[in-house]
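Architecture and fold: a report
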Amino acid sequence: MTKVIGVTSGKGGVGKTTIVSNLGVILSKYFNKNVTIVDCNVTNSHLALYFGMYYFPVTINKVIREGINIEEAMYKHYTGVNIVPASLSLSGLRGVDVIKIKDVIQPLREKNDLIILDGSPGMGRESMAMLHACDKVLFVTNPIMSSMIDVVRFREVLNELNKEALGLIINMRQGMKNEMGNDEIEKFTEMDVISSIPYDKNVYKSLTVGSPVFLSRPDTRASKEFLKVAHWLVGEEYQEGGILNFLQKFSIKNIFQNLS
Ligand SMILES: Nc1ncnc2c1ncn2[C@@H]1O[C@H](COP(=O)(O)OP(=O)(O)OP(=O)(O)O)[C@@H](O)[C@H]1O
Ligand SMILES: [Mg+2]
């Protein structure tokens, strides 16, 4: 079973951290999975900020630098998802060899159903370290031609690394004329499109309250797509028209769990 999924992209700012944080809370809170999400973008760390966390004494930087157990850098969010943040300060980069990420995440494999690594964009050393550490890769991109060239290049790198690509998540679709359709994207990249997430201002707004959008606006268009991806990851069928049904089912199921 796939344990460690790496989330990567060619360009920066395409939505990796947004996707990792929403999948993390959905899979933990609604699918009852043990999930840990790890900030592997150590030079531009944002993951903890997306949960409103600004202070954390132990980070992945310290784990890598001092060889301590990664569980010391794990913070449990109220939804159940475990977050391993990276240091927010520049000085936190001193003495951090990102290649060690693969070794430091090993203890997480035993205790989690799924570990999701939030990567950095491009093909630099940091991104490669994350790819070495994961079992399979999800690639995030915007639906424009220049980004597809990145996807094709990445696919070649993944082949060389012997890593399986789970597929593409197309984020921030706006329905503009210059956007490529999913069929065209699949043909061009020879990769499956797992999900097409619309541009949704509620996603951006959720940043200001430090909470993944699914928690504040499960009814919004992007949330519906995050939920679909979560279903796909756990191999469950998503029922169309589903968010409210899904949430209702969850609360009913929980009442029974609480009574038993
Ligand atoms: N579907 C969406 N609709 C609207 N805004 C979005 C959407 N997805 C992400 N964003 C916004 O785009 C910005 C970049 O997103 P995010 O930080 O997740 O990208 P990233 O790929 O992790 O960036 P980096 O490469 O810097 O790590 C954020 O302000 C986020 O709120
Ligand atoms: Mg990011």
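Coordinates for the structure precede this section.
Let me sum up the structure you'll find in this document. (Residues numbered from 1 in each chain as written. Chains lettered and ligands numbered in written order. Predicted model: local features only at pLDDT ≥ 70, side-chain atom pairs only at ≥ 80, totals over all residues. Heavy atoms only, no water.)

**Details of the side chain of Ser-87**
Rules: Helix and strand labels come from DSSP, where a helix needs a run of H or I of at least four residues and a strand needs a run of E of at least two; each type is numbered from the N terminus. Any pair of N or O atoms that falls within 3.5 Å is considered a polar contact. Within protein, one atom must be able to donate a hydrogen and the other to accept it, and sequence-neighbouring residues count only if both atoms are side-chain atoms.
Note on placement: Ser-87 falls in the loop between strand 4 (82-84) and helix 3 (101-104). Of the polar contacts made by the side chain of Ser-87, one reaches the backbone nitrogen of Ser-89; its length is 3.1 Å.

**A few points about the sheet that holds strand 4**
Paired through backbone hydrogen bonds, the strands of a sheet run either parallel or antiparallel to each other. What counts is decided by this rule: One bridge is not enough; two strands pair if DSSP finds at least two bridges between them. Residues are treated as being in contact if the distance between any of their heavy atoms lies within 4.5 Å. Only the contacting stretch of a helix is used when fitting its axis, a line to C-alpha atoms as for every element, and angles between N-to-C directions run 0 to 180 degrees.
The mixed open sheet is built from 8 strands, whose spatial order is 3-4-2-5-1-6-7-8. Of all strands in the sheet, those with a lone pairing partner are strand 3 (75-76) and strand 8 (193-198), marking the two edges. Direction of pairing for strand 6 (residues 136-141) relative to strand 7 (residues 164-173): parallel, over a ladder of 6 bridges. In the sheet register, Val-137 faces strand 7, and the bridge partner there is Ala-165. Here helix 1 (residues 16-30) sits on the sheet and contacts strand 1 (4-8), strand 2 (35-39), strand 5 (114-118), strand 6, strand 7 and strand 8; the angle it forms with strand 5, its principal contact strand, is near 165°. Along the sheet, helix 6 (residues 145-161) makes contact with strand 1, strand 6 and strand 7, crossing strand 6 at roughly 170°.

**What about the side chain of Thr-17?**
Counted only if it meets this: Burial here depends on accessible area, computed with a 1.4 Å probe over protein chains only, as a share of the maximum for the residue type. Under 20% is buried, over 50% is exposed, and the range in between is partly exposed.
Structurally, Thr-17 is set in helix 1. In this structure Thr-17 comes out as buried when scored by relative accessible area, which is 9%. Here Asp-118 takes part through its side chain, which lies 2.8 Å from a polar atom of the side chain of Thr-17. When sequence neighbours within four positions are dropped, the list of residues in contact with Thr-17 reads His-46, Leu-47, Tyr-50 and Asp-118.

**Considerations on the site of ligand 1**
The following threshold applies: Throughout this document, a residue counts as near a molecule or strand when at least one of its heavy atoms sits within 4 Å of that molecule or strand. Computed with the Shrake-Rupley method and a 1.4 Å probe, the accessible areas treat only the protein chains shown as cover for residues. Think of a 1 Å grid over the protein atoms and nothing else: a 1.4 Å probe that fits but is trapped marks a cavity, an open set flanked by protein within 12 Å on at least five of seven lines marks a pocket, and residues with an atom within 4 Å of a point count as lining. A molecule is counted as occupying a cavity or pocket when more than half of its atoms fall within 2 Å of that pocket's grid points. Charged means Asp, Glu, Lys or Arg here, nonpolar means Ala, Val, Leu, Ile, Met, Phe, Trp, Tyr, Cys or Pro, and polar covers whatever is left, Gly included.
Lining the immediate environment of ligand 1, one finds 19 residues, of which Lys-16, Thr-17, Thr-18, Tyr-50 and Asp-200 sit closest. Within the side chain of Lys-16, a nitrogen or oxygen atom sits 2.7 Å from an oxygen atom of ligand 1. Interatomic distance of 3.0 Å between a backbone N/O atom of Pro-198 and a nitrogen atom of ligand 1. For ligand 1, whose accessible area on its own is 630 Å², the fraction buried by protein is 89%. Mapping ligand 1 onto the cavity grids shows that it belongs to the largest pocket. Those elements that provide at least two residues to the shell around ligand 1 are helix 1, strand 7, strand 8 and helix 8 (201-208). Looking at the shell around ligand 1 residue by residue, the classes come out as 10 nonpolar, 7 polar and 2 charged.

**Regarding the state of the cysteines**
The term disulfide refers to a covalent linkage connecting the sulfur atoms of a pair of cysteines. Short version of the rule: Here, two cysteine sulfur atoms that lie within 2.5 Å of each other are counted as a disulfide.
Counted according to the given criterion, the structure contains 0 disulfides. Between Cys-40, a free cysteine, and Cys-134, which holds the nearest cysteine sulfur, the sulfur-to-sulfur gap is 8.9 Å. When its relative accessible area of 1% is taken as the criterion, Cys-134 is described as buried.

**A short note on the nonpolar core**
The cut-off we apply is this: Residues grouped as a nonpolar core are buried Ala, Val, Leu, Ile, Met, Phe, Trp, Tyr and Cys residues, joined through side-chain atoms within 4.5 Å.
Judged by nonpolar contacts, the single largest core of 78 residues is most densely connected at Ile-26, Ile-37, Ile-60, Ile-105, Ile-116 and Leu-117. Look past the residues within four positions of Leu-117 in its chain and what remains in contact with it is Val-4, Ile-5, Gly-6, Val-7, Val-38, Cys-40, Ile-105, Met-130, Ala-133 and Cys-134.

**What about the layout of surface pockets?**
Operational definition: Grid points are joined across faces, edges and corners, and a volume is the space filled by probe spheres set on the points.
Put simply, the largest pocket is a space of about 470 Å³. What lines the largest pocket is a set of 28 residues, and nearest its centre among them are Gly-13, Gly-15, Thr-18, Tyr-50 and Met-172. Here the element with the most residues in the lining of the largest pocket is helix 1; it accounts for 5 residues. A per-class count over the lining of the largest pocket returns 12 nonpolar, 14 polar and 2 charged.

**Quick look at the packing of helix 1 against helix 10 (residues 221-234)**
Rules: Crossing handedness: left-handed means the near helix sits turned counterclockwise from the far one by under a right angle, and right-handed means the same turn made clockwise.
Where helix 1 contacts helix 10, the axes come no closer than 9 Å and their chain directions differ by 65°. In terms of crossing hand, the pair formed by helix 1 and helix 10 is right-handed. Between helix 1 and helix 10, the contacting residues are Thr-18, Ile-19, Asn-22, Leu-23, Ile-26 and Leu-27 on the first element and Phe-226, Leu-227, Val-229, Ala-230, Leu-233 and Val-234 on the second. Considering only residue class, the contact of helix 1 with helix 10 consists of 10 nonpolar, 2 polar and no charged.

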